Amino acid sequence: MKNLLIQKYNIPGPRYTSYPTVPYWNNDTFSKEKWIKTFKQSFIESNSSEGISLYIHLPFCESLCTFCACHKHITKRHEMEDPYIETVLKEWKLYVNLVDERPVIKEIHLGGGTPTFFSETQLKKLIDGIFINAEKHPEHEFSFEGHPNNTTKEHLQTLYNLGFTRVSFGVQDYNPKVQEAIHRVQPFENVQKVHNWAKKIGYTSISHDLVFGLPFQTKENVIYTINKTKELEPDRISFYSYAHVPWVKGVGQRGFNEDNLPKNEEKRELYEIGKELFAEMGYVEIGMDHFALPTDSLYKATQEKTLHRNFMGYTANKTQLMIGLGMSSISDSWYGFAQNVKTVKEYERIVNDGEIPVFRGHILSEEDLIIRKHILNIMCHFSTSWEEDSLQIENVENHIEKLEEMIQDGLVFIKGNKLKVPEKARPYVRNICMAFDKKLHEKQPETKLFSMTI
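Reading the values: rules and limits
- Residues numbered from 1 in each chain as written.
- Predicted model: local features only at pLDDT ≥ 70, side-chain atom pairs only at ≥ 80, totals over all residues.
- Heavy atoms only, no water.
- Helix = DSSP H or I, 4+ residues; strand = E, 2+ residues; numbered from the N terminus.
- Rg over C-alpha atoms; globule rule 2.2 N^0.38 Å.
- Buried < 20%, exposed > 50% of the residue type's maximum accessible area, 1.4 Å probe, protein only.
- Contact = heavy atoms within 4.5 Å.
- Areas by Shrake-Rupley, 256 points an atom, 1.4 Å probe, with all protein chains shown as cover.
- Lys, Arg positive; Asp, Glu negative; His and termini not counted.
- Charge placed at Lys NZ, Arg CZ, Asp CG, Glu CD.
- Pairing = 2+ DSSP bridges.
- Phe/Tyr/Trp six-rings, centres within 6.5 Å; stacked < 30°, edge-to-face > 60°.
- Lys NZ or Arg CZ within 6 Å of the ring centre and 35° of its normal.
- Salt bridge = Lys/Arg side-chain N within 4 Å of Asp/Glu carboxyl O.
- Axes fitted to C-alpha atoms, helices over the stretch in contact; angles between N-to-C directions.
- Parallel < 35°, antiparallel > 145°, perpendicular 65-115°, else oblique.
- Left-handed = near helix turned anticlockwise from the far one by under 90°.
- Nonpolar A, V, L, I, M, F, W, Y, C, P; charged D, E, K, R; others polar.

## Description of the overall build of the protein chain
Link 1 in the chain: Of the regular secondary structure elements, the protein chain holds 16 helices and 19 strands.
Link 2 in the chain: For the protein chain, whose C-alpha radius of gyration is 21 Å, the value lies close to the compact-globule estimate of 22 Å for 454 residues.
Link 3 in the chain: With respect to the principal axes defined by its C-alpha atoms, the protein chain has extents near 55 × 55 × 40 Å.
Link 4 in the chain: Scored against the burial criterion, the 454 residues of the protein chain give a buried share of 58%.
Link 5 in the chain: Looking at the protein chain alone, contacts between residues at least 24 apart form 74% of all its contacts between residues at least 6 apart.
Link 6 in the chain: Taken as a whole, the protein chain presents about 19,400 Å² of accessible surface, with 50% of it coming from carbon and sulfur.
Link 7 in the chain: Distance from the positive charge centre (55 side chains) to the negative charge centre (61 side chains) of the protein chain: 2 Å.

Below, the structure written as structure tokens:
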């Protein structure tokens, strides 16, 4: 039965870090002026209470990982660090100049690329520069992505001294053949070293990112990788499905072909094995692809119904306003999305001309906001409910019709004005959200846009 469901529902679909998803943004009605207006509104509503989030994109990598679908800039020229940091701080100042009070920052995440491409001196300059014009929220949580091969003890200590208590290490898989195929060769000893450094320094949440569905990956690979991970006992584990999107311009997915990838039931078995092993190790499944120990803040957020999802993925800190700084970063004011230009050269040119470097976005309608709420609830809490007003009912009833087959298959329960996703249906959560995705149904993509859902 499980295999039949996988065959039926394993279709291309969004990961829902936003609604509407990026390919369905209405750029024709978007403008930088409208974006700034939504930014100011959200800042006024949320800064003094919950604070704001910053996502800072540090795009440089010394070599190309061929499984990666992120925006990055491959270079070994470390002299690029300083001008880029200077530009990010100038972009931040452009936002600060738009508001009348000092921003209160609850969350910072340094993403990449490879944030640890930058020296600890440059990272300190970046964070110190941000707080020249901002305050720390009393419950702030700062995190960064560390490459096990180049994260130093100095990186970890410097960022810890600046208030960072979370670090995520990209592991992917420990099998040498898989590592060679994805051009990410890093022995277990490298991960062990940086993990233990972080723990000794005092990081309270250490995460390991694992990926299933990689080229040449087998059941034995996954079991071996998880058993090695067990030796280190990270606080969180992200167990991502490899998103094979070689048609997206600029991604590095080459060095292997479709025949080298585990397919359908074989790929799903890798996840099921992982999920079973994580449960035996004491981890609890959180949202989609994430597992956490009961002592971690991500688990606590699920218990308190405060788990949130945005362009950074799942977070224990819900903030209405998230500003994306750096090349290709995406910002979210709740009422609108805006993405920065996608090359370092253009990004630096626009910011140094005194302009916010946004090149596309979407302003959410009242209907968008309702649908977004339901998709977020399903992604974060595996349930949603709707009020007895005409706009709510109209939107929900239209989409519930598209859930009929999943209801028959036992993947969704609806009673009154409440929807619930049972535990066995969690692998299909993206499919369930797709039923609510009005824009996707109004215009089915003519070309490949999304990775497979399962």
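From this point, things continue past the structure.
## Considerations on the pairing of strand β6 (residues 164–172)
Link 1 in the chain: The buried fraction of β6 amounts to eight of the nine residues, a majority that puts the element mostly inside the structure.
Link 2 in the chain: Relative to β6, strand β5 (residues 135–146) is paired through five bridges, and the arrangement is parallel. Looking across to β6, one finds that glycine 146 is bridged to phenylalanine 169.
Link 3 in the chain: In this structure, β6 lies alongside strand β7 (residues 205–212), joined through six bridges in parallel fashion. Its bridge partner lying in β7, valine 167 is registered against isoleucine 206.

## Some points on the packing of aromatic side chains
Link 1 in the chain: Taken as a whole and assessed by the stated rule, the structure comprises 23 aromatic pairs.
Link 2 in the chain: Ring geometry for phenylalanine 212 against phenylalanine 239: centres 4.9 Å apart, planes inclined by 45 degrees, an arrangement best described as tilted. Of this pair, phenylalanine 212 sits in strand β7 while phenylalanine 239 sits in strand β8 (residues 236–241), and the two are 27 residues apart along the sequence.
Link 3 in the chain: Phenylalanine 212 gets classed as buried once you look at its relative accessible area, which sits at 1%.
Link 4 in the chain: Ring-pair connections join several aromatic residues into one group, and the members of that group are Phe131, Phe142, Phe144, Tyr160, Phe164 and Tyr203.
Link 5 in the chain: For lysine 136, the ring lying beneath its charged end belongs to phenylalanine 131, and the centroid distance is 5.5 Å.

## Regarding the environment of proline 187
Link 1 in the chain: As for its placement among the helices and strands, proline 187 is situated in the loop between α6 (176–181) and α7 (188–201).
Link 2 in the chain: Exposure remark for proline 187: the relative accessible area of 39% places this residue in the partly exposed category.
Link 3 in the chain: Each C-alpha atom, one on proline 187 and one on threonine 66, is 17 Å from the other, the two residues being 121 residues apart in sequence.

## With respect to the pattern of salt bridges
Opposite charge on two side chains permits them to pair, given that their charged atoms come into close proximity.
Link 1 in the chain: Applying the stated criterion across every chain yields a total of 18 salt bridges.
Link 2 in the chain: When the shortest N-O distance is used, the salt bridge between lysine 219 and glutamate 269 registers 3.9 Å. In this pair, lysine 219 is assigned in helix α8 (residues 219–232) and glutamate 269 in helix α9 (residues 264–280), connecting sequence segments 50 residues apart.
Link 3 in the chain: Residue lysine 219 is classed as partly exposed on the basis of its relative accessible area, which comes to 36%.

## Re the sheet that holds strand β17 (residues 383–385)
Link 1 in the chain: Taken together, the three strands give an open sheet; going across it, the order is β17-β19-β18, and neighbouring strands pair in antiparallel fashion. Each end of this open sheet is capped by a strand with a single partner; those strands are β17 and β18 (413–415). Across the sheet, the mean angle separating the axes of adjacent strands is 15 degrees when strand polarity is ignored.
Link 2 in the chain: Pairing geometry for β17 and strand β19 (residues 418–420), over three bridges, is antiparallel.

## Digging into the packing of helix α12 (residues 366–381) against helix α15 (residues 429–436)
Link 1 in the chain: Interhelical geometry of α12 versus α15 gives an angle of 165 degrees and a closest axis separation of 10 Å. Between α12 and α15, the angle falls in the class roughly antiparallel. When the axes of α12 and α15 are compared, the crossing they make is right-handed. The residues of α15 that touch α12, namely those facing Ile371, His374, Ile375, Ile378 and Met379, are Val429, Ile432, Cys433 and Phe436.
Link 2 in the chain: In terms of residue class, the contact of α12 with α15 is built from eight nonpolar, one polar and no charged.

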